[in-house]
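Spelled out from the first residue to the last, the chains are:
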Amino acid sequence: MPSRRADPVTVEVVELIGDVVARYHMEYEEAAARHQLTGAQAKVLNLLSLEPLPMRRIAQKLRCEPSNVTGIIDRLETRGLVERRPDPADRRVKLAAPTEQGVETAERLRESLDFAREPLAGLSEEERTALRDLLRRMLA
C-alpha cells in the first residue's frame, strides 16, 4: 500500500495548494504596489487594521525578526499610515496602530484582492464552509 504522502491525490492537492498560494502572493504584491506599498508593508497594515499590536506580536504573526518590523513600521509611519502609541495596559510597551488613512488604505487593498474572492463566489455557501473547515483542520 503506498504511503499517504505519495499517493497521487495528495501530490495533486499539495501542488494545487502551492499554486493557490503562489497566485495569492502574486496578486497581493501587485495590489500592494498599486498602493505604493511593499507586500510586507501591506501585510502589516492589514494586521494593524484589525487591531493595534506591539512590534513583537507583529513579528510573531509574520514569522520575522522584530527589527524587520521596526523598519516596516518606520516607513508606514513616514507615510502617515501608522502611528506608535503607548499600550494602555502597559505604558512601557508601544503599540503600532493604523491612522484613519491607514485603515482606509487597508480597506482599499482588501477590496482590490479579487483572486480569492472571485473563485470562492463560484462555490456555494456549503462548499465555502466545508473548505474553511477543512483548511482549519489542516492547520490545527
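Structure's up top.
Notes on the structure in this doc start here. All figures in this text were calculated on a predicted structure; none of them were measured in a lab.

## Observations regarding the sheet that holds strand β1 (residues 53-54)
Pairing between the strands of a sheet comes from backbone hydrogen bonds, and it takes one of two forms, parallel or antiparallel.
Here comes step 1: Strand order in the open sheet formed by 3 strands is β1-β3-β2, and the pairing between neighbours is antiparallel. The open sheet terminates on both sides in strands that have one partner only, identified here as β1 and β2 (82-87).
Here comes step 2: On the sheet, helix α2 (residues 39-50) packs against β1, β2 and β3 (90-98) and is oriented at approximately 110° with respect to β3.

## Describing helix α3 (residues 55-62)
Here comes step 1: Within the span of α3, buried status applies to Met55, Ile58 and Ala59. With its buried residues spanning 100° around the axis, α3 presents them on a single face.
Here comes step 2: Buried residues along α3 sit against α2, β1, α4 (66-78), β2 and β3.
Here comes step 3: Immediately beyond the C-terminal end of α3, within one or two residues, lies Arg63, with a positive phi of roughly 55°.

## Let's talk about the pattern of salt bridges
Here comes step 1: The final tally for this structure, using the stated rule, is 5 salt bridges.
Here comes step 2: Across the salt bridge formed by Arg84 and Glu77, the nearest N and O atoms sit 2.4 Å from each other.
Here comes step 3: Under the relative-accessibility criterion, Arg84 is labelled partly exposed at 27%.
Here comes step 4: Here the salt bridges share partners, and the residues they tie into one network are Asp74, Glu77 and Arg84.

## Some remarks on the packing of aromatic side chains
Here comes step 1: Scanning the model with the defined rule gives 1 aromatic pair in all.
Here comes step 2: Plain terms: the ring middles of Tyr24 and Tyr28 are 5.6 Å apart, the flat faces sit at 40° to each other, and that makes the pair tilted. One end of the pair is Tyr24 and the other is Tyr28, both in helix α1 (residues 8-34) and 4 residues apart, which spans about a single turn.

## Remarks on the packing of α2 against helix α5 (residues 100-111)
Here comes step 1: Axis separation between α2 and α5 bottoms out at 9 Å; the angle between their running directions is 110°. Compared by their axis directions, α2 and α5 come out roughly perpendicular. Seen from above, α2 lies across α5 with left-handed handedness. In this structure, α2 contributes Ala42, Leu45, Asn46 and Ser49 to the contact, and α5 contributes Gly102, Thr105, Ala106, Leu109 and Arg110.
Here comes step 2: Looking at side-chain class alone, the contact of α2 with α5 contains 4 nonpolar, 4 polar and 1 charged residues.

Reading guide: rules and limits
Residues numbered from 1 in each chain as written. Predicted model: local features only at pLDDT ≥ 70, side-chain atom pairs only at ≥ 80, totals over all residues. Heavy atoms only, no water. Pairing = 2+ DSSP bridges. Helix = DSSP H or I, 4+ residues; strand = E, 2+ residues; numbered from the N terminus. Contact = heavy atoms within 4.5 Å. Axes fitted to C-alpha atoms, helices over the stretch in contact; angles between N-to-C directions. Buried < 20%, exposed > 50% of the residue type's maximum accessible area, 1.4 Å probe, protein only. Arc of directions from axis to C-beta. Salt bridge = Lys/Arg side-chain N within 4 Å of Asp/Glu carboxyl O. Phe/Tyr/Trp six-rings, centres within 6.5 Å; stacked < 30°, edge-to-face > 60°. Parallel < 35°, antiparallel > 145°, perpendicular 65-115°, else oblique. Left-handed = near helix turned anticlockwise from the far one by under 90°. Nonpolar A, V, L, I, M, F, W, Y, C, P; charged D, E, K, R; others polar.

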